[in-house]
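One-letter residues, chain by chain:
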Number of protein chains: 2
Amino acid sequence: MTWTLPEQRPGREAPPDLLERRALVGGGDDHQVVADGVTAEDTDVGGVACVVCSPASPARTLLYFHGGGYRLGTARGWCTFGSKLAAASAARVVLVDYSLAPEHPFPAALRDAITVYDAVYADGSAVYAGGDSAGGGLAAALAVACLQRGVAVPKGLVLISPWLDLTQTAATFESRAETDLLFSKESADTAADAYLQGHDPRDPLASPQFADVAGFPPTQLFAGGAETLLDDSLEFAARVARAGGAVELVVAPDQQHVYPYLAPDSDAGRAAYAAIVRFLDAG
Amino acid sequence: MTWTLPEQRPGREAPPDLLERRALVGGGDDHQVVADGVTAEDTDVGGVACVVCSPASPARTLLYFHGGGYRLGTARGWCTFGSKLAAASAARVVLVDYSLAPEHPFPAALRDAITVYDAVYADGSAVYAGGDSAGGGLAAALAVACLQRGVAVPKGLVLISPWLDLTQTAATFESRAETDLLFSKESADTAADAYLQGHDPRDPLASPQFADVAGFPPTQLFAGGAETLLDDSLEFAARVARAGGAVELVVAPDQQHVYPYLAPDSDAGRAAYAAIVRFLDAG
């Protein structure tokens, strides 16, 4: 039996407000600072655009999926973050420009993730996967797809405020509604609709929270105490641990969504950075 | 209103098999190795016997409560572990010889913990609390008591395979029954009975899993993937995080109960040790 992804469906046009937000977020692309000792290079991996941040002597590879609710964000826009990680950890960081919704609904992003993973894995590199927010969900979905396909899972997962359950039924969507400044239930519902376009939100390839995670690799999770996605991390950490996996969970009180990415110079951000480097370098 | 502990009730005699086990465990007391650069001294703190492991220039204090189901174990027997931590972290480690059950049922151990905490806190030292197994539960109960009393909580909690719920209803008592070599449900039930002697196991001062943990200090937890108490850690980590606390949770797959204490030279044990040192030194 050959495993296949669910069929790719046609998407729909991006609404004007999303195009505006993309332009705004994209405005940061040219202001990225590539860390000393690292080169950042635009590359094509099996048809998927990537930015590869390479330290002098890379010992492993981290595929990194940016956040943005599956509907915005770019690889180029994560260069400061990715290159800093590459500089500190001896990991080559491959920032993946996966297809965005609503033009490219589920499973387009996952298909791109699998394409890049397979190509890098074929190179013989030790491959980690990670991401923030939707990108964290995508990294976890990639691992779920590996299990389903019967191929090697990534060596480890680095999940920063991952969005793992696209039903938005977690209690912290209510309890953190007032404190989360970035990702409201309404915003999550809109993003989920753009990505799923009618597809079952409980499909484990869209919402890894519903996956059988037996065989999952070591999984590192970061969540902010103020964010609506706190429960996504708490529940997934427990899920992976109960299935026999290695888990490292950090909850930083009062911190916002994707704080290691957005506030890298805060105490919590620096601690998260150091933990990610340790996690990657332990492998 | 003055806060008081539940009244101390008379205990009962220790059964012969427990006396034998205490003697066996106590046999290790004379074989403890005090780490280089650390002095280990028998002291009396407010009537409670302690062994104080002091590095050359202690910057903070960790009150540490040994494991043994509230019914066995000694401060002296934890000297290798405690002095190694003192040597690596610049923390003075105070190993507490709290009263044991069944001769001294709940709340005797907690009363001793509070006595030592208050005395060390009055000294002006930054005080952390920690422990393994029942000792981890006791450290958490100490923090709960601080909240109830309206006094400062410890600066942080280091909980190694903490026993936090004396009802033994967690699912991992079943799912890990075959893999846990150290702490079966039967053993936990016996120990809980010796400690509680009819007291409500859902009293948050006996089972912190049932406590209101709003205001809890940063809490670091370690659990082995093979152990029955895995759920105690997973659920408590989520509880503290949802209440707004800082959490650091490590689950080491296939590891046994209190692995950082019992297997300090394994990869997982070394990683746990390093994480504890980082946690203490961050304060």
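As the structure is a computational prediction, the values presented were derived from the model and not from experiment.

K.L.:
Looking at this model, I keep getting lost on the overall build of chain A. Mind explaining?
P.N.:
Helix and strand counts for chain A stand at nine helices and eight strands. For 283 residues, the compact-globule estimate of 2.2 N^0.38 gives 19 Å, and the C-alpha radius of gyration of chain A, at 17 Å, lies within 12% of that figure. Taking the principal axes of its C-alpha atoms as reference, chain A extends roughly 50 × 45 × 45 Å. The buried share of chain A, reckoned over its 283 residues, is 57%. Sequence-distant contacts, at least 24 apart, represent 80% of the contacts inside chain A between residues at least 6 apart. When the accessible surface of chain A is summed, it comes to about 10700 Å², and 53% of that surface belongs to carbon and sulfur atoms. Distance between charge centres in chain A, computed from 19 positive and 35 negative side chains, equals 5 Å.

K.L.:
What's the story with the relation of the copies chain B and chain A in this structure? I'm lost.
P.N.:
Superposing the two chain copies requires a rotation about an axis and a translation along that axis. Relative to chain A, chain B is turned by 180° and slid 0.0 Å along the rotation axis, the superposed coordinates differing by an RMSD of 0.0 Å. These values place the two chain copies in the arrangement generated by a two-fold rotation axis. Taking the C-alpha atom as reference, chain B places L249(B) closest to the rotation axis, 2.5 Å from it. Of the interface residues in chain B, 95% have counterparts in chain A that sit at the interface too, so the contact is made through matching surfaces.

K.L.:
Teacher, can you tell me more about the packing of aromatic side chains here?
P.N.:
The way to describe two aromatic rings as a pair is by their centre distance and the angle between their planes. Taken as a whole, this structure holds 24 aromatic pairs over all chains when the rule is applied. Between the aromatic rings of F81(A) and Y261(A), the centroid separation amounts to 5.6 Å while the plane-to-plane angle is 75°, which identifies the pairing as edge-to-face. One end of the pair, F81(A), is in helix α2 (residues 79-89); the other, Y261(A), is in helix α8 (residues 259-262), with 180 residues separating them in the sequence. Here F81(A) falls in the buried class, since its relative accessible area comes to 4%. Ring pairing ties together the aromatic residues Y64(A), W78(A), F81(A), Y261(A) and Y273(A), which thus form one cluster. Lying over the aromatic face of Y273(B), K84(B) brings its terminal NZ or CZ to 4.3 Å of the ring centre.

K.L.:
In this structure, what is going on with unusual backbone geometry? I would like to understand it.
P.N.:
Working note: non-glycine residues mostly have negative phi, and peptide bonds are mostly trans. All names here are of chain B. The amide bond that connects A101 to the next residue, P102, takes the cis arrangement and shows omega of 5°. Examined against the element boundaries, P102 turns out to sit in the loop between β4 (91-96) and α3 (108-122). Phi is positive for Q197, close to 45°, though the residue is something other than glycine. Within the element layout of this structure, Q197 appears in the loop between α6 (185-196) and β7 (219-224). What makes Q197 buried here is its relative accessible area of 18%. With phi around 45°, V258 is a residue other than glycine that occupies positive phi space.

K.L.:
When you look at the layout of surface pockets in this model, what are you seeing that I'm missing?
P.N.:
Which parts of space are left empty comes out when a probe the size of a water molecule is rolled across the atoms. Within this model, the largest pocket holds a volume of roughly 1400 Å³. Every residue lining the largest pocket is counted, 49 residues in all, and those nearest its centre are E248(A), R278(A), E248(B), A275(B) and R278(B). Secondary structure elements with two or more residues in the lining of the largest pocket: β7 (219-224), β8 (247-252) and α9 (267-281) of chain A together with β8 (247-252) and α9 (267-281) of chain B. Every element with two or more residues in the lining of the second largest pocket is listed here: α1 (16-26), α2 (79-89) and α8 (259-262) of chain B. The residue makeup of the lining of the second largest pocket, split by class, is eleven nonpolar, ten polar and five charged.

K.L.:
How should the interface of chain B and chain A be read in this particular structure?
P.N.:
Taken residue by residue, the interface counts 19 residues in chain B and 18 residues in chain A. Among the residues chain B hides against chain A, the three largest losses belong to R242(B), L249(B) and V251(B). Together they make up 31% of the total. Put simply, chain B and chain A have four salt bridges between them. As a salt-bridge pair, R242(B) and E235(A) come within 3.8 Å of each other at their nearest N and O atoms.

K.L.:
Is there a simple way to explain the packing of α2(B) against α9(B) in this structure?
P.N.:
Packed helix pairs are characterised by how far apart their axes lie and by the angle those axes make with each other. Residue and element names in this part refer to chain B. The interhelical angle for the contact between α2 and α9, taken along N-to-C directions, is 55°, at an axis separation of 10 Å. The angle between α2 and α9 falls in the class oblique. In this structure, the crossing between α2 and α9 has a hand that is right-handed. Across the interface between the two elements, T80, F81, K84, L85, A88 and S89 of α2 pack against Y273, I276, V277, L280 and D281 of α9. Here the contact of α2 with α9 is built from residues that sort into seven nonpolar, two polar and two charged.

K.L.:
Which parts of the structure should I look at to understand the confidence of the model for chain A?
P.N.:
Detailed conclusions should not be drawn from predicted coordinates in areas where pLDDT is low. Looking at chain A, the pLDDT average stands at 96 and 100% of residues meet or exceed 70. For this predicted complex, the interface confidence comes out at an ipTM of 0.93, alongside a pTM of 0.95.

K.L.:
Which parts of the structure should I look at to understand the pairing of β8(B)?
P.N.:
Counting buried positions along β8(B) yields five of six residues, so the element is predominantly enclosed. As paired strands, β8(A) and β8(B) are joined by five bridges and run antiparallel to one another. Pairing of E248(A) across the sheet is with V250(B), part of β8(B). Handedness of the crossover is the feature at issue here: the chain leaves β7(B), passes through helix α7 (residues 230-242) of chain B, returns alongside β8(B), and the resulting connection is right-handed.

Cut-offs and rules
Residues numbered from 1 in each chain as written. Chains lettered and ligands numbered in written order. Predicted model: local features only at pLDDT ≥ 70, side-chain atom pairs only at ≥ 80, totals over all residues. Heavy atoms only, no water. Helix = DSSP H or I, 4+ residues; strand = E, 2+ residues; numbered from the N terminus. Rg over C-alpha atoms; globule rule 2.2 N^0.38 Å. Buried < 20%, exposed > 50% of the residue type's maximum accessible area, 1.4 Å probe, protein only. Contact = heavy atoms within 4.5 Å. Areas by Shrake-Rupley, 256 points an atom, 1.4 Å probe, with all protein chains shown as cover. Lys, Arg positive; Asp, Glu negative; His and termini not counted. Charge placed at Lys NZ, Arg CZ, Asp CG, Glu CD. Least-squares fit on C-alpha atoms with pLDDT ≥ 70 in both. Phe/Tyr/Trp six-rings, centres within 6.5 Å; stacked < 30°, edge-to-face > 60°. Lys NZ or Arg CZ within 6 Å of the ring centre and 35° of its normal. 1 Å grid on protein atoms, 1.4 Å probe; cavity = no way out; pocket = protein on both sides within 12 Å on 5 of 7 lines; lining within 4 Å. Points joined across faces, edges and corners; volume = space filled by probe spheres on them. Nonpolar A, V, L, I, M, F, W, Y, C, P; charged D, E, K, R; others polar. Buried area = accessible area lost by both parts, 1.4 Å probe. Salt bridge = Lys/Arg side-chain N within 4 Å of Asp/Glu carboxyl O. Axes fitted to C-alpha atoms, helices over the stretch in contact; angles between N-to-C directions. Parallel < 35°, antiparallel > 145°, perpendicular 65-115°, else oblique. Left-handed = near helix turned anticlockwise from the far one by under 90°. pLDDT = per-residue confidence, 0-100. Pairing = 2+ DSSP bridges. Right-handed = clockwise from strand over helix to strand, strands pointing away.

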